[in-house]
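Each chain, written out:
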Amino acid sequence: MWSELLKRVDAFISGHGLLNPHERHIVALSGGADSVALLLVLRRLGYRVEAAHCNFKLRAGESDRDEQFVRSLCQQTDTPFHVVHFDTKTYASQHQVSIEMAARHLRYRYFEQLRTDIEAAEVCVAHHQDDAVETLLMNLLRGAGIHGLTGIRPRNGHVVRPLLCVSRSDILQFLQAQGQPYVTDSTNLVPDVVRNRLRLQVLPLLSDINPSASANIAKSANLLAEAERVYGAAVTTAIDGLLTDGQIDTDRLLAQPSPLCLLHEVLAPRGFTSAQVRQLLGALRSEPGRVFTSETHEVIVDRRRLVIAGRRPPLPTLTIPEEGLYRYADGMSFRVALSSRVAVSREASLATVDAAAVKFPLTVRPIAVGDRFQPFGMKGSRLVSDYLTDRKLTVFQKRRQLVVADAQGRIVWLVGQRTDQRFAVGDDTSRLLILELLKDEKDHSKQP
């Protein structure tokens, strides 16, 4: 039996390109059956390995017992040994995460640091077929899509899982054949968390129904993993054709075989829930202007498109009392100068107006509800919002639209768009007021 397990693991490692026999690798060694088997198997297959053990100080005497056991095992097998101690409860409290999440963060951070320090290629962890089945079932219970139904991947960066091709039963038989003892984490024997309940209650019941249940579920996960590759390639192609500069044409989206699926693939990485995606899809035709928000992004149903943007803090107000260079926000600065050389600018970032018509101090601010101005060359005033709508600016762009107003609150310049006709340069203009928007100006700025 043990030789058959070695052959399966060897073929699995080769088939997935997990390990190079000429490089050094780390084995995450807890002392449990799985990690002990992993260490012995990799050594038997001729890989250069060093063991790393984390003592989380969580299980009273058991934690120290486990450390002593793995230390002894490494001495017996002539395996280089590394150990680290963690105050896991303090870390969890300080970072406001669960004990389980704290242990995970600490463990993998340590493994990566050790990998770098000793110039190892990979970190080998002992997840096996049953772990993959438990993960699939947990994700299924959470309502996961295809990505969550593929179990555990053989590789995640520098973390590899050479035992995914064998079951827990295979591992226990292997250790028994070797006469190799191991330690048992007592917390794994209590059905107090979802994974333990699946392992201790659900999987045995499934095995009673069908002895091959775990193997068949694992086989399904492998098939789904292959299907996911096809799915991923198709989704990537579809999204590339739909998403341009953070915008999605809704007509093209709705023409896809599964608009919901594609929208979820675009928005889930940006923090939107499945429920929000469904609501958004329903709002495409009936609720123009509706905004959906996640912790990091916003989406607006804007006419015949969806516009996606990262959430940003509101822009501030800047007072400009006189000529000078003033740093604003978002890498922007404003240069204000007077000139006796009369010339009209046609650059979007540069406005020239009649200095005599403008009253200082000036104010730079985002547009406000009810703002009106008289666009240069036009008669009568317009709402700034309507003007920007005609220019096809999105709600997000409108939020970032700035105006320069004078002391009387009159809009002198709709920044980057148009000046106000009331301040236009005329035949009787003797001095110009020059307003210039500068990007990424960092030095020599004048603070208000």
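Notes on the structure in this doc start here. (Residues numbered from 1 in each chain as written. Predicted model: local features only at pLDDT ≥ 70, side-chain atom pairs only at ≥ 80, totals over all residues. Heavy atoms only, no water.)

## A few points about the overall build of the chain
Reasoning step 1: Within the chain one finds 14 helices and 22 strands.
Reasoning step 2: Over its C-alpha trace the chain gives a radius of gyration of 32 Å, far above what one expects of a compact globule, namely 22 Å for 448 residues.
Reasoning step 3: Its C-alpha atoms put the chain at 105 × 50 × 40 Å along the principal axes.
Reasoning step 4: Sorting the 448 residues of the chain into buried and exposed places 44% on the buried side.
Reasoning step 5: Once local pairs closer than 6 in sequence are excluded, the contacts in the chain between residues at least 24 apart make up 67%.
Reasoning step 6: For the chain, the accessible area works out to roughly 23,500 Å², and carbon and sulfur atoms hold 50% of it.
Reasoning step 7: Averaging the positions of the 56 positive and the 50 negative side-chain charges in the chain gives two centres separated by 4 Å. (Helix = DSSP H or I, 4+ residues; strand = E, 2+ residues; numbered from the N terminus. Rg over C-alpha atoms; globule rule 2.2 N^0.38 Å. Buried < 20%, exposed > 50% of the residue type's maximum accessible area, 1.4 Å probe, protein only. Contact = heavy atoms within 4.5 Å. Areas by Shrake-Rupley, 256 points an atom, 1.4 Å probe, with all protein chains shown as cover. Lys, Arg positive; Asp, Glu negative; His and termini not counted. Charge placed at Lys NZ, Arg CZ, Asp CG, Glu CD.)

## Some points on the packing of helix H2 (residues 33–44) against helix H3 (residues 61–77)
Reasoning step 1: Where H2 contacts H3, the two axes come as close as 12 Å, and the packing angle between them is 15°. In terms of orientation, H2 and H3 fall into the roughly parallel class. Our pair here, H2 against H3, has a crossing hand that is right-handed. Across the interface between the two elements, Val 36, Leu 39, Leu 40 and Arg 43 of H2 pack against Phe 69, Leu 73 and Thr 77 of H3.
Reasoning step 2: When grouped by side-chain class, the residues that make up the contact of H2 with H3 number five nonpolar, one polar and one charged. (Axes fitted to C-alpha atoms, helices over the stretch in contact; angles between N-to-C directions. Parallel < 35°, antiparallel > 145°, perpendicular 65-115°, else oblique. Left-handed = near helix turned anticlockwise from the far one by under 90°. Nonpolar A, V, L, I, M, F, W, Y, C, P; charged D, E, K, R; others polar.)

## Some details on the pairing of strand E20 (residues 411–414)
Reasoning step 1: Across three bridges, the pairing between strand E19 (residues 402–405) and E20 is antiparallel. Paired with Val 403 across the bridge in E20 is Leu 414.
Reasoning step 2: Linkage of E19 to E20, two consecutive antiparallel strands, is achieved through a turn of five residues, within which Gly 409 is found at a positive phi near 80°.
Reasoning step 3: Here E20 runs beside strand E21 (residues 418–419); their pairing, made up of two bridges, is antiparallel. Residue Trp 413 lies in a different strand from E21, and its bridge partner there is Thr 419. (Pairing = 2+ DSSP bridges.)

## Topic: the side chain of Ser 35
Reasoning step 1: Note that Ser 35 resides in helix H2.
Reasoning step 2: Taking the relative accessible area as the measure of exposure, Ser 35 reaches 4% and is therefore buried.
Reasoning step 3: Ignoring anything within four residues of it in the chain, the contact list for Ser 35 reads Val 27, Ala 28, Leu 29, Ser 30 and Ala 126.

## Quick notes on the nonpolar core
For soluble globular proteins, nonpolar side chains are generally found buried alongside one another.
Reasoning step 1: Counting 37 residues, the largest nonpolar core has Val 9, Leu 19, Leu 29, Leu 42 and Leu 175 as the members making the most contacts within it.
Reasoning step 2: Per-element accounting of this core gives the leading share, eight residues, to H2.
Reasoning step 3: Leu 29 has contacts with Ser 35, Val 36, Leu 39, Ala 51, Ala 52, His 53, Val 70, Leu 73 and Cys 74, leaving out every residue within four places of it along the chain. (Core = buried A, V, L, I, M, F, W, Y, C linked by side-chain atoms within 4.5 Å.)

## Details of the sheet that holds strand E22 (residues 432–439)
Reasoning step 1: As summarised here, the arrangement of the four strands in space is E13-E14-E22-E15, forming an open sheet in which the pairing is antiparallel. Among the strands making up the open sheet, the edge pair consists of strand E13 (324–327) and strand E15 (350–354). Sheet twist, expressed as the average angle between the axes of neighbouring strands with direction ignored, equals 15°.
Reasoning step 2: In the sheet, E15 pairs with E22 via five bridges, with the strands oriented antiparallel. Looking across to E22, one finds that Asp 354 is bridged to Leu 432.

## Examining the packing of H2 against helix H7 (residues 168–178)
Reasoning step 1: Here H2 crosses H7 at 65°, and the two axes come no closer than 10 Å. In this view, H2 runs roughly perpendicular relative to H7, as classed from their interaxial angle. By crossing handedness, the relation of H2 to H7 is classed as left-handed. Counting all contacts with H2, which are made through Ala 33, Asp 34, Val 36, Ala 37, Leu 40, Val 41 and Arg 44, the residues of H7 involved are Arg 168, Ile 171, Leu 172, Phe 174, Leu 175 and Gln 178.
Reasoning step 2: Of the residues assigned to the contact of H2 with H7, the class counts are nine nonpolar, one polar and three charged.

## Describing the pattern of salt bridges
When their charged atoms lie close together, side chains carrying opposite charge are able to pair.
Reasoning step 1: Under the defined criterion, the tally for this structure stands at 26 salt bridges.
Reasoning step 2: Of the charged contacts, one joins Glu 67 and Arg 71 as a salt bridge, the two residues approaching to 2.8 Å between their closest N and O atoms. In this pair, Glu 67 and Arg 71 are both assigned in helix H3, four residues apart and thus about one turn of the helix distant.
Reasoning step 3: By relative accessible area, Glu 67 is classed as buried at 10%.
Reasoning step 4: Across the pair Arg 365 and Asp 371 runs a salt bridge, and its minimum N-O distance is 2.9 Å.
Reasoning step 5: Assessed through its relative accessible area of 17%, Arg 365 is described here as buried.
Reasoning step 6: By relative accessible area, Asp 371 is classed as buried at 11%.
Reasoning step 7: A single network of salt bridges, built from pairs that share partners, joins Arg 59, Glu 62, Arg 65, Asp 66 and Asp 185. (Salt bridge = Lys/Arg side-chain N within 4 Å of Asp/Glu carboxyl O.)

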